[in-house]
Amino acid sequence: LRSEINLLMGRLNQINNNKRAKIKELDGIRKEIRDNLSKVNEFKEYKSKSNEEIKKFKEERDKYNRKVKEAINSLKETSEKTNELVKKSKSRLDPLELKRRIDSMNKRVETEVLDFEKEKKIMKEIRKLKTELKNSGEIFFMKEKAEKLQKDIKEEKSKANNFHNKVREIFDLNKEKIKFMRN
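Residues numbered from 1 in each chain as written. Predicted model: local features only at pLDDT ≥ 70, side-chain atom pairs only at ≥ 80, totals over all residues. Heavy atoms only, no water.

A short note on the overall build of the chain
Alright, step 1. Helix and strand content of the chain: 3 helices and 0 strands.
Alright, step 2. Mapped from its N terminus to its C terminus, the chain presents α and β elements in the order α-α-α.
Alright, step 3. For 183 residues, the compact-globule formula gives about 16 Å, and the C-alpha radius of gyration of the chain, at 42 Å, lies well above that figure.
Alright, step 4. Taken along the three principal axes of its C-alpha coordinates, the chain extends 155 × 25 × 20 Å.
Alright, step 5. Buried residues in the chain amount to 19% of all 183 residues.
Alright, step 6. For the chain, the proportion of contacts with a sequence separation of at least 24, taken over those separated by at least 6, is 84%.
Alright, step 7. Counting every atom, the chain has about 15,200 Å² of accessible surface; 52% of that belongs to carbon and sulfur.
Alright, step 8. The positive charge centre, built from 53 side chains, and the negative charge centre, built from 35, are 6 Å apart in the chain. (Helix = DSSP H or I, 4+ residues; strand = E, 2+ residues; numbered from the N terminus. Rg over C-alpha atoms; globule rule 2.2 N^0.38 Å. Buried < 20%, exposed > 50% of the residue type's maximum accessible area, 1.4 Å probe, protein only. Contact = heavy atoms within 4.5 Å. Areas by Shrake-Rupley, 256 points an atom, 1.4 Å probe, with all protein chains shown as cover. Lys, Arg positive; Asp, Glu negative; His and termini not counted. Charge placed at Lys NZ, Arg CZ, Asp CG, Glu CD.)

Here it is, written out as structure tokens:
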């Protein structure tokens, strides 16, 4: 009977040792699960912040893209108006040259003694040149406006691209983080 008890006690000790080993293994698995849950929660938090950042950057990018579209439309309108004025304008002279010619003719009318027909002809020419000057001034203004719009478009596109690149950087970081989390 004692040998049987010793045998049973030996088996009981072996079972208790196996039980302790399994409990220790189970505790290790539970710790690993807690660590993984903690990592998952950290990643969810990171992902949430990342999504907010992406949303903010996309809104900024879209805002600048809208400005680019508006500027392009304005540039098209300006170009059309400039083309219309160029078609209407008969003179290809620059505004400063037209102004010099008008001043010269005015001075001639004021200082020289001219017969009535000649003075009338010069005055008619002055009116014609003044109209051309007005149109060429508008053309000059429109061309300056078009250049400014082109510069603005370039700047706005650059800003939009910067925000787009920030969005891409965040996406790339997220991909890397996901790869890391899977390993």
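Some thoughts on the packing of helix 1 (residues 2-88) against helix 3 (residues 116-182)
Each pair of packed helices gets described by two things: the angle between the helix axes and the distance between those axes.
Alright, step 1. Put simply, helix 1 and helix 3 touch, their axes get as near as 8 Å, and they point 165° apart. The angle between the axes of helix 1 and helix 3 places the two elements in the roughly antiparallel class. The interaxial crossing formed by helix 1 with helix 3 has left-handed handedness.
Alright, step 2. Class assignment of the residues belonging to the contact of helix 1 with helix 3 gives a composition of 25 nonpolar, 9 polar and 16 charged. (Axes fitted to C-alpha atoms, helices over the stretch in contact; angles between N-to-C directions. Parallel < 35°, antiparallel > 145°, perpendicular 65-115°, else oblique. Left-handed = near helix turned anticlockwise from the far one by under 90°. Nonpolar A, V, L, I, M, F, W, Y, C, P; charged D, E, K, R; others polar.)

Here we look at the packing of aromatic side chains
Alright, step 1. In this structure the tally under the stated criterion is 3 aromatic pairs.
Alright, step 2. The interplanar angle of 15° and the centroid separation of 5.8 Å between the aromatic rings of Tyr-64 and Phe-163 together place this pair among those described as stacked. Taken together, the positions of Tyr-64 in helix 1 and Phe-163 in helix 3 put the pair 99 residues apart, joining distant regions of the chain. Taken individually, Tyr-64 and Phe-163 each receive the classification buried, so the pair is uniform in this respect.
Alright, step 3. In this structure an aromatic cluster arises from ring pairing among Phe-57, Tyr-64 and Phe-163. (Phe/Tyr/Trp six-rings, centres within 6.5 Å; stacked < 30°, edge-to-face > 60°.)

Structural notes on helix 2 (residues 95-111)
Alright, step 1. Over its 17 residues, helix 2 extends 24 Å from the first C-alpha to the last, a length consistent with the 24 Å expected when each residue adds 1.5 Å.
Alright, step 2. Within helix 2, the full set of buried residues consists of Leu-98, Ile-102 and Val-109. In a view along the axis of helix 2, the buried residues occupy a sector of 35°, so they form one face of it. Structural note: helix 2 exposes Leu-96, Arg-100, Lys-107 and Thr-111 on the side pointing more than 90 degrees away from its buried face.
Alright, step 3. Here the buried face of helix 2 lies against helix 3. (Expected span 1.5 Å × (residues − 1). Arc of directions from axis to C-beta.)

Digging into the side chain of Ser-50
Alright, step 1. Summarising the element assignment, Ser-50 is placed in helix 1.
Alright, step 2. Residue classification places Ser-50 among the buried positions, given a relative accessible area of 3%.
Alright, step 3. In this structure Ser-50 touches Ile-170 and Asn-174, once residues within four positions along its chain are discounted.

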